[in-house]
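Structural overview for review
Here is what each chain is made of, one letter per residue.
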Amino acid sequence: MSVLKLAWKNIVSNPLNLILSIILFGLGIGLISFLMLLNTQLSENFEKNLADIDLVIGAKGSPLQMILCSMYHIDNPTGNITVDEAKAFLNSGHPLLEISVPLSLGDSYKRHRIVGTNDGILELYNAQLDQGKIWAQDLDVTIGAGVARSTGLKIGDSFKSSHGFDDDADLAHDHSAFNVVGILKPSGSVVDQLILTNPSTVWAVHDHAAEDHAGHDHVHHTPPVRSNEELLQHPDKDITSLLIKYKDKTNYRTLSLPRAINEHTDMQAASPPYEINKLYSLIGVGTDAIRWLAILIAFVSAISIFISLYKSMKERKYELSLIRVMGGSRAILFMLIVIEGIILSFIGFVVGMIISHGGMEIMSKFLQASYRYDFTGWRVISGDAWLFVGSIALGIVAALIPAYQASYTDIHKALSEKN
Amino acid sequence: MINTQNLSFQYDNEELMSFPDVNCDAGEMMLVLGQSGVGKTTLLHLLSGIIRAKGGSVSIAGQNLSELSDKKLDHFRGQYIGVIFQKFHFIKSLNVLENLTIAQKLAGKQIDKNRCKELLENLQIGHKINSKINELSQGEIQRVAIARALVNNPAVILADEPTSALDDSNCQAVLDLLSTQAKQSGAALVIVTHDTRLKDMIDNKITIS
């Protein structure tokens, strides 16, 4: 019968008294931990998807929207640009550009965006083929690992797309079925959530739909467009944006390129790190507010642990005196109450971890749909270790006053009280 | 085994209380009689070192209690003194056996479950060993209190009003039980009570007034 065991027995023999403070404590810890978990995974998501992309070029509009659309695929396009407008940047002879990847957006399947592009995108995001092959013919698609997992699509399957991000049957494009020809390995980037195909597939699907609506019935015979060179053969066609990687980031001509585009063309150029930092500072205000709220909850719950311990210490004055009579010292009484505080805060910490990690796992599906990124609750971050230390420290602090009082209980008085 | 000399105690702003000397040898019994409010509990707490005397001395097994530090006194009490309280205080979250083993542990002795079982069986409550205290009858609780006072083979057993709540036949039975147990373990037994029925049953006695 050690002091630890006695503390434990005291807690489990009267759990109702303590349940409120444990839940409160768990809630505070859970909220803080959840925020840290979300923050870690979100910034990893944003950082991983920066993928060394130095510049995004697209139609004029909000630069942040263009970045969120073209790099994170969580917003709609600012509009389209024609191949002709972008031809300088599609030319492989451009002296400043190492990689230039066109994106043609428009359709989606089960909330996964269909992207008309070329295999430069695989290079940008370091994506590798897992099974099958890279898309070649129109209507061939290679899908990301996350798409394969969530839709169950396999090589040889075919599916029909819908317009935009809506999963509305009325907006489904009737006549074009896509064929899955390949599946990519998980890369941890946004590519996992994308369906990749030729730009000409996107045109075909759209033109077809437009003509259907107009009552025509044409069949397209354009050869598939894969490379940038082939794309340049169609100057009147639209693309949504271009992802650019520079040859040399520090070249002065490179540094002036975005400004030149913004001032002298009908397109806009935006730098991803700059826009994302702007976004961080916007989100930061919200998460800061929630973080302070969580700290407040944790603080209030520490007070509630203090009150529970104090109350139960007062109720057990006889028992505490008895421990002294049986030979226990003041130090043992002090330890007993402190250990009870530690046990309470430890249980609260465990409850908090269940709330945050379980909650994250449950919410991961929704988060995945809106952020195009795999979230998981089954992951321990270094913040959890700090929270553990903080929780235990809070439990000890909350127990100090009751423990001190317990150790200085006047046992003569406690034992002579008549009731 | 337990001897006091000119013991006195004073509460804040109250008159000095003086107590007649207590002298009780191993295996013997002694009665401390007194009406309510004359300081019986105070004397009991003085004898057990729960409070320190204003004057005079308490010596148990040759050790003068006033010579011990607070911490050593706690430890000494656990090892040498078994107290049977009037109100039978126990640790509610523990069962009968655990209430005995914690007494061994707190006194710094080895936990000896066989010793506990033996004691409880001697007191005919062996079958209640795993019961919670609040599941026991009043008589059973009293026996557990006796078992706990004896578990560390103390030199002195101090009993506070062990019989005052009992009818005549039970009063006799409890006294017999206490004296037998004290004799068996060679402890000095000091009974502090206002129960005058005990007056004729014990020769060695003092009265506080």
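Reading guide: rules and limits
Residues numbered from 1 in each chain as written. Chains lettered and ligands numbered in written order. Predicted model: local features only at pLDDT ≥ 70, side-chain atom pairs only at ≥ 80, totals over all residues. Heavy atoms only, no water. Pairing = 2+ DSSP bridges. Helix = DSSP H or I, 4+ residues; strand = E, 2+ residues; numbered from the N terminus. Axes fitted to C-alpha atoms, helices over the stretch in contact; angles between N-to-C directions. Contact = heavy atoms within 4.5 Å. Domains from an automatic or database assignment. Buried area = accessible area lost by both parts, 1.4 Å probe. Polar contact = N/O pair within 3.5 Å; in protein donor to acceptor, adjacent residues only side chain to side chain. Phe/Tyr/Trp six-rings, centres within 6.5 Å; stacked < 30°, edge-to-face > 60°. Buried < 20%, exposed > 50% of the residue type's maximum accessible area, 1.4 Å probe, protein only. Expected span 1.5 Å × (residues − 1). Core = buried A, V, L, I, M, F, W, Y, C linked by side-chain atoms within 4.5 Å.

Some details on the sheet that holds strand 8 (residues 156–160) of chain B
Residue and element names in this part refer to chain B. Taken together, five strands build an open sheet; the order of strands is 7-8-9-4-10 and the sheet is parallel. Every interior strand has two partners, whereas the edge strands, strand 7 (81–84) and strand 10 (205–208), have only one. Neighbour-to-neighbour, the strand axes of the sheet open up by a mean angle of 15 degrees, direction not taken into account. Relative to strand 9 (residues 188–193), helix 6 (residues 168–184) is tilted by about 155 degrees, and along the sheet it contacts strand 4 (29–34), strand 7, strand 8 and strand 9.

Describing the domain arrangement of chain A
Residues and elements named next belong to chain A. The assigned domain composition of chain A is domain 1 (3–45 + 287–416) and domain 2 (55–270). The straight-line distance from the C-alpha centre of domain 1 to that of domain 2 is 51 Å. On the side of domain 2, 12 residues touch domain 1, which itself brings eight residues to the contact. Roughly 810 Å² is buried in total at the junction of domain 1 and domain 2, and carbon and sulfur atoms are behind 43% of that figure. Put simply, domain 1 and domain 2 have zero residue pairs in polar contact (both at pLDDT 80 or more) between them. With four residues, the top contributor of residues to the side of domain 1 that touches domain 2 is helix 12 (residues 330–371).

Observations regarding the packing of aromatic side chains
Residue and element names in this part refer to chain A. Here the structure, examined in full by the defined rule, presents 10 aromatic pairs over all chains. For the ring pair Phe-306 and Tyr-310, a centre distance of 5.8 Å and an interplane angle of 40 degrees mean the geometry is tilted. Here the residue Phe-306 and the residue Tyr-310 both occupy positions in helix 10 (residues 272–315), the gap between them amounting to four residues, near one helical turn. By relative accessible area, which is 25% here, Tyr-310 ends up partly exposed. Aromatic pair Tyr-404 and Tyr-408: ring centres 5.1 Å apart, planes at 35 degrees, arrangement tilted.

Some words on helix 5 (residues 138–150) of chain B
Compared with an ideal rise of 1.5 Å per residue, which puts 13 residues at 18 Å, helix 5 of chain B spans 19 Å between its outermost C-alpha atoms and is within 8% of the ideal. Within helix 5 of chain B, 10 of the 13 residues are buried, which leaves the element mostly enclosed by the surrounding structure. Within helix 5 of chain B, the full set of buried residues consists of Glu-140, Ile-141, Gln-142, Val-144, Ala-145, Ile-146, Ala-147, Arg-148, Ala-149 and Leu-150 of chain B. Looking at the buried positions of helix 5 of chain B, the neighbouring elements they touch are helix 11 (317–325) of chain A together with strand 7, helix 3 (96–106), helix 4 (113–122), strand 8 and helix 6 of chain B.

Details of the pairing of strand 1 (residues 55–59) of chain A
Residues and elements named next belong to chain A. Extensive coverage of strand 1 is indicated by the burial of five of its five residues. Of the pairings in the sheet, the one linking strand 1 to strand 13 (residues 267–270) comprises four bridges and is antiparallel in character. Each residue of the ladder has a partner; that of Ile-57, found in strand 13, is Ala-269.

Concerning the pairing of strand 10 of chain B
Successive residues of a regular strand alternate their side chains across the two faces of the sheet. All names here are of chain B. Taking every second residue as pointing to the same face, the buried face of strand 10 carries Ile-206 and Ile-208, while none of Lys-205 and Thr-207 on the other face is buried. Pairing of strand 4 with strand 10, which is carried by four bridges, proceeds in the parallel orientation. Directly across from Leu-33, in strand 10, lies its bridge partner Thr-207.

Overview of the nonpolar core
In this structure, Leu-47, Ile-84, Val-190 and Ile-191 of chain B are the most contacted members of the largest nonpolar core, which totals 109 residues. Apart from the residues lying within four places of it in its own chain, the contact partners of Ile-84 of chain B are Ala-145, Ile-146, Ala-149, Ile-157, Leu-158, Ala-159, Asp-160 and Leu-178 of chain B. Ranked by size, the runner-up nonpolar core spans 41 residues in total, among them Leu-42, Ile-53, Leu-68 and Ile-381 of chain A.

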